[in-house]
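Descriptive structure summary
Listed below are the residues making up each chain.
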Amino acid sequence: MRGLTKYFSVSKGFFKSSKDVVHAVEDVFFQIQQKETFSLVGETGSGKTTTGKMIMRLIQPTKGEIWFDGKNLLTLNKKQLRETRRDMQMIFQDPFSSLNPRMTVDEIVGSPLEAQNILSGLEKRQKVIELVETVGLKPGIKMVDRFPHEFSGGQRQRIGVARALALNPKFIVADEPVASLDVSIRAQILNLLKDLKERFDLTYLLIAHDLSVVKYMSDWICVMYLGKQMELAHSEEFYSSPLHPYSKALLSAILSPDPNIKHERIKLIGEMPSPINPPGGCRFHTRCPFVKNKCKNEIPLFIEARSKHWVACHFWDELEGTY
Amino acid sequence: MEMGDTKTILKASKHPYTFGLLKSLPRIEEKIQSLYSIPGDVPDMLEPPSGCPFHPRCAYAIINCQDKVPALEEYEKGHLVACVRANEF
């Protein structure tokens, strides 16, 4: 098998009214290596989820290419896309709304198997019981005939994970998989995702906003702001020497439960501007504490500033070490 | 389960539930291979566990824990803990 690689370059616009275009995601480019976890981070509205959904082909990109396992997903016909979909699955943020309340666990977890005509009847049921055990739920014939409301949030998320695993995928997009869960349950689900990755050689695209969670899970990190990539680096490199002022601000905003740790905070002023009419020049310039004239007029290129470390900032080298 | 001023609870917690929660937070300061997690789920309140409500999930539970509900007792001034083994932590 060839290395699982995705090349991604997208320019996207949703028509809102006659002329307004939401610049949800623009010219995003990255590669995900097989068996690695790649994380997209950024504030609400930065385009993380839109990017994830485009990769899954749940929404149609305006421009660009998405390569998966040597195939361009945007040129596949329906039948080919259906086959490729077996290898790609998604885990959603909210286990309360992503599971149909009128379906039993057997129906929820078994539905991908039926939709792809892989298993049905008793065989399907056997597979569902096996999957439910894999994700750490207490097995039992009775359990799979229960409805989502009979489970706690953590258990529901495990059901969502079981559904994603049903077709033995290679690649999983996990969109904020633990954002709506309790602290103790959150740790269980994160550990489960890590274990499953090892066990089934999975590749993850993790969409998250909590940088502590991201650090625990990821090999690569990509920071997005208003639909643009700001920084992309290997996890260790990113946490030890972030280059973009936005990344530094996000990192400095992490609170530690240890009251003795005092840290300098870079405060960002204001809120994210509207993506319908994004700021010219660098999209971050309206909130950047180090803004200069050039930032207002010229869009910074996304350059490889250091080996395998990309950044979109005119002054990354000048700012290095100054704060 | 436990009550006290912020610093005491975060730095010198005496209840396995409290320090279990604190340990299960991923921290930005360190890179760890596996995250601690409190086993099991929140119990069903239609059939709450006997004795200490946390005992089915507690790594430090002893026989006594399933018989008697521990009282919220003052461990130090202003620091209340409901655990029979609080002195050992």
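Residues numbered from 1 in each chain as written. Chains lettered and ligands numbered in written order. Predicted model: local features only at pLDDT ≥ 70, side-chain atom pairs only at ≥ 80, totals over all residues.

1. Some words on the overall build of chain A
Within chain A one finds eleven helices and 14 strands. Compactness check: chain A gives a C-alpha radius of gyration of 21 Å against a globular reference of 20 Å for 323 residues, within 12% of the reference. Along the first, second and third principal axes, the C-alpha atoms of chain A reach 70 × 55 × 40 Å. Residue burial in chain A is summarised as follows: out of 323 residues, 39% are buried. A fraction of 61% describes how many contacts in chain A between residues 6 or more apart in sequence connect residues 24 or more apart. (Helix = DSSP H or I, 4+ residues; strand = E, 2+ residues; numbered from the N terminus. Rg over C-alpha atoms; globule rule 2.2 N^0.38 Å. Buried ≥ 20, exposed ≤ 12 C-beta atoms within 10 Å, placed from the backbone. Contact = placed C-beta atoms within 7 Å.)

2. Examining the overall build of chain B
Across its full length, chain B carries two helices and three strands. In sequence order, chain B lays out its α and β elements as β-α-α-β-β. Considering only C-alpha atoms, chain B reaches an extent of 40 × 35 × 20 Å along its principal axes. Per-residue burial over chain B gives 26% buried out of 89 residues. At a minimum sequence separation of 6, the contacts of chain B that also span at least 24 residues come to 32%.

3. Looking at the interface of chain A and chain B
Taken residue by residue, the interface counts 19 residues in chain A and 22 residues in chain B. When contributions to the side of chain A that touches chain B are tallied by element, the ones reaching two or more residues are α5 (153–165), α6 (183–200) and α7 (211–217) of chain A. No other element matches α6(A), which puts six residues into the side of chain A that touches chain B. Of the residues in the side of chain A that touches chain B, the class split is nine nonpolar, eight polar and two charged. (Nonpolar A, V, L, I, M, F, W, Y, C, P; charged D, E, K, R; others polar.)

4. Overview of the packing of helix α3 (residues 105–115) of chain A against α5(A)
All names here are of chain A. Where α3 meets α5, the axes come as close as 7 Å, and the angle between the chain directions of the two elements is 30°. For the element pair α3 / α5, the angle class is roughly parallel. Within the contact between the two elements, α3 uses Val105, Ile108, Val109 and Pro112 and α5 uses Ile159, Ala162 and Arg163. For the contact of α3 with α5, the residue count by class is six nonpolar, no polar and one charged. (Axes fitted to C-alpha atoms, helices over the stretch in contact; angles between N-to-C directions. Parallel < 35°, antiparallel > 145°, perpendicular 65-115°, else oblique.)

5. Description of the sheet that holds strand β3 (residues 79–81) of chain B
All names here are of chain B. Taken in spatial order, the three strands make up an open sheet running β1-β3-β2, and their pairing is antiparallel. The open sheet has two free edges, formed respectively by β1 (2–3) and β2 (73–76), since each of these has just one partner strand. Here β1 pairs with β3 via two bridges, running antiparallel. The residue of β3 that forms the bridge with glutamate 2 is valine 81. (Pairing = 2+ DSSP bridges.)

6. What about the domain arrangement of chain A?
Residues and elements named next belong to chain A. When its domains are assigned, chain A resolves into domain 1 (8–87 + 169–319) and domain 2 (96–168). When each unit is reduced to the centre of its C-alpha atoms, the spacing between domain 1 and domain 2 is 30 Å. On the domain 2 side, the residues contacting the eleven residues of domain 1 number twelve residues. Of all the elements, α6 adds the most residues to the side of domain 1 that touches domain 2, at five residues. Looking at side-chain class alone, the side of domain 1 that touches domain 2 contains eight nonpolar, two polar and one charged residues. (Domains from an automatic or database assignment.)

7. Notes on the pairing of strand β8 (residues 88–91) of chain A
All names here are of chain A. Alternating positions in β8 separate into two faces, Met88 and Met90 on one and Gln89 and Ile91 on the other, with burial throughout. As defined by bridge partners, β8 adjoins strand β9 (residues 171–175) across four bridges and the pair is classed as parallel. Its bridge partner lying in β9, isoleucine 91 is registered against alanine 174.

8. Structural notes on unusual backbone geometry
All names here are of chain A. Backbone geometry places arginine 57, a non-glycine residue, at a positive phi of 60°. Tracing the chain through its elements places arginine 57 in the loop between α1 (48–55) and β6 (65–68). Using a count of 17 C-beta atoms within 10 Å as the deciding quantity, one classes arginine 57 as partly exposed. Here the phi dihedral of aspartate 69 falls at roughly 55°; this positive angle occurs in a residue that is not glycine. When the 17 C-beta atoms within 10 Å are taken as the criterion, aspartate 69 is described as partly exposed.

9. Topic: the sheet that holds strand β12 (residues 228–234) of chain A
Residue and element names in this part refer to chain A. Strand order in the open sheet made by the eight strands is β8-β9-β10-β5-β11-β12-β14-β13, with mixed pairing throughout. Looking at which strands have only one partner, the edges of the open sheet turn out to be β8 and β13 (303–306). Adjacent strand axes in the sheet meet at a mean angle of 25° when their direction is disregarded. Strand direction decides the pairing type here: β9 and strand β10 (residues 203–207), joined by five bridges, are parallel. If you follow valine 173 over to β10, its bridge partner there is leucine 205. In this fold α1 packs onto β5 (37–41), β9, β10 and β11 (220–225), with an angle of close to 150° to the strand it touches most, β10.

10. Concerning the nonpolar core
Residue and element names in this part refer to chain A. Core analysis: the largest hydrophobic core is formed by 73 residues, its most contacted members being Val109, Val132, Ala162, Ile172, Leu205 and Val223. Tallying contributions element by element places β11 first for this core, with six residues. Dropping the residues within four chain positions of it, alanine 162 is found in contact with Val109, Leu131, Val132, Thr134 and Val135. (Core = buried A, V, L, I, M, F, W, Y, C linked by C-beta atoms within 7 Å.)

11. What to know about the pairing of β2(B)
Residue and element names in this part refer to chain B. Across three bridges, the pairing between β2 and β3 is antiparallel. The residue of β3 that forms the bridge with glutamate 74 is leucine 80. Hairpin connection from β2 to β3: two residues lie between these consecutive antiparallel strands, with glycine 78 at a positive phi of about 80°.

12. Description of α1(A)
Most of α1(A) sits inside the fold, with seven of its eight residues counted as buried. Trailing α1(A) by a residue or two, A:Arg57 shows a phi angle of about 60°, which is positive.

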